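What the coordinates show
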Amino acid sequence: MESIRELYRIGVGPSSSHTMAPKRAAELFLQRHPDGAAYRITLYGSLAATGKGHLTDKAIHATFEGREHEILWKPENRLPLYSNGMLFEVLSDKGRSLDSWKVYSTGGGAILEEGQTPEDKKKTYNSHRMREILEVCQKSGLSFWEYVENAEGKEIWDYLREIWHAMKASIERGLHAEGVIEGGLGIRRQAWAYHQKAFNSAAHLKRQGLIAAYALAVSEENATGGTIVTAPTCGSCGVLPASLYYALHNFNSSEMSILRALATAGLIGNLVKHNASISGAEVGCQGEVGTACSMAAAAATQLLGGTIRQIEYAAEMGLEHNLGLTCDPVEGLVQIPCIERNVFAATQALNSADYAMLSDGSHRISFDDVVSVMKQTGQDLPSLYRETASGGLAKAYRRRKNKEAEAQVRKLTP
Ligand code: SF4
């Protein structure tokens, strides 16, 4: 498995696969061909289907600003390896293609060139199953965060501190921002109001309200193109920071213990990324918000003083109870159901941690089992539910809008 540095990336929303990765690919292509007369970028599959709502074009235009270029959208075509495919071409002044580059966005902001396999990437971890890691930890007495430190080196703490500060900043910015989120759905930012209400509520409402406010703050920052941390993706970026921020203020947690929890959460996300997928276009939202919930459940259990068995159990529950979660973003925007879904996953993560802490950590379905079931379930999902905005909630919303438009026309027709 790769370093958890490849999982946690500081960047600009709203989508790691549709905004951050295409921007990165465009920058790399431009570095290779700085002097082209013109450029052509073709987007395929899910990237083309929801790229407009996810601001893919904005990210590419910003990179090629001042140079002649065009973007072609081919949602009906899928390149062979992944559903988020891109073809970059450099053109002569007569419009002839001089060189081309096929590249894929594989989730969480990562890119993979054609001809490269995920195995070609630099390996930081020798074990890539929870079963093996548990065995190592049980024999040696190591906790998960110590296991991460051994693999990554002590420098990882500086990196995770930077990640935590970026996460905290996104919560604090989001808690103070108000206004309507761009995109046409008319959704207002709500984090500030939730925080105010939670702050002034009775104890039983306070916990739910604060977690909601923190998750809303980050997800609303993401939806408005603010700076966030992929955890593991942009669309699911509110779950882990919300759980950690709640823990910071309510579990008697120090900054160092939060960094250690981030390390454990990173290990969990890495296992899912390596053995299944964290891309909504590949496996639906279970790979994004489901994985985020699993990471946050593990982190919270560690912060509550759980054993490695209880941490693994919480991570397993966080993913298991999100199995089958579809990706059907309304109008292709990372707003409905994404923003609210982060709130519910953060709450579920903390509930999973409580449940695991009440247990002795024993359970029948292992974390590895649920990761492999998630992968299979994702492959079995029709493409309607894998970030194409053509089924589910996206379809229901469009149908209602069309009916309203027809009714309006009937009303105006004499
Ligand atoms: S529904 Fe889930 S996977 Fe799809 S865009 Fe929203 S957060 Fe990402």
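This structure is a prediction, so every number in the text was calculated from the model and none was measured. (Residues numbered from 1 in each chain as written. Predicted model: local features only at pLDDT ≥ 70, side-chain atom pairs only at ≥ 80, totals over all residues.)

**Re helix 4 (residues 130-140)**
We apply this condition: Here exposure depends only on C-beta density: within 10 Å of a residue's C-beta, 20 or more other C-beta atoms make it buried, 12 or fewer make it exposed, and intermediate numbers make it partly exposed, the C-beta atoms being placed from the backbone. Helical segments are the DSSP runs of H or I of at least four residues, strand segments are the runs of E of at least two, and each set is numbered from the N terminus. Picture the helix axis, draw a direction to every C-beta atom, and the arc is the one those directions span. Whether two residues are in contact depends on their C-beta atoms, placed from the backbone: they are in contact if these lie within 7 Å.
Those residues of helix 4 that fall on the buried side of the exposure criterion are Met 130, Ile 133 and Leu 134. Relative to the axis of helix 4, the buried residues are bounded by an arc of 100° and lie together on one face. Along helix 4, the residues that are exposed and aim more than 90 degrees away from the buried face are Arg 131, Glu 135, Lys 139 and Ser 140. Of the surrounding elements, those touching the buried residues of helix 4 are helix 5 (144-152), helix 10 (255-275), helix 13 (308-320) and helix 15 (367-380). Two residues or fewer past helix 4, Gly 141 is found with a positive phi of approximately 85°.

**Some details on the environment of Ile 308**
Residue position: Ile 308 is located in helix 13. Overall, the presence of 22 C-beta atoms within 10 Å leaves Ile 308 in the buried class. Spatially, the C-alpha atom of Ile 308 lies 25 Å from that of Arg 207, the residues being 101 residues apart in sequence.

**Brief notes about helix 16 (residues 392-412)**
Put simply, the rule is: Expected span of a helix: the number of residues minus one, times 1.5 Å.
Compared with an ideal rise of 1.5 Å per residue, which puts 21 residues at 30 Å, helix 16 spans 31 Å between its outermost C-alpha atoms and is within 8% of the ideal. For helix 16, a buried count of one out of 21 residues is recorded, marking the element as mostly open to its surroundings.

**Brief notes about the pairing of strand 6 (residues 110-113)**
Counted only if it meets this: Any two strands with at least two DSSP bridges between them are considered paired.
In strand 6, alternate side chains face the same way, and those of Ala 110 and Leu 112 are buried while those of Ile 111 and Glu 113 on the opposite face are not. Where strand 5 (residues 97-107) lies against strand 6, four bridges are found, and the strand directions are antiparallel. Residue pairing in the sheet places Gly 107 in a bridge with Ala 110 of strand 6. Turn length for the strand 5-strand 6 hairpin, with the two strands adjacent in sequence and antiparallel, is two residues, and the turn residue Gly 108 shows positive phi of about 70°.

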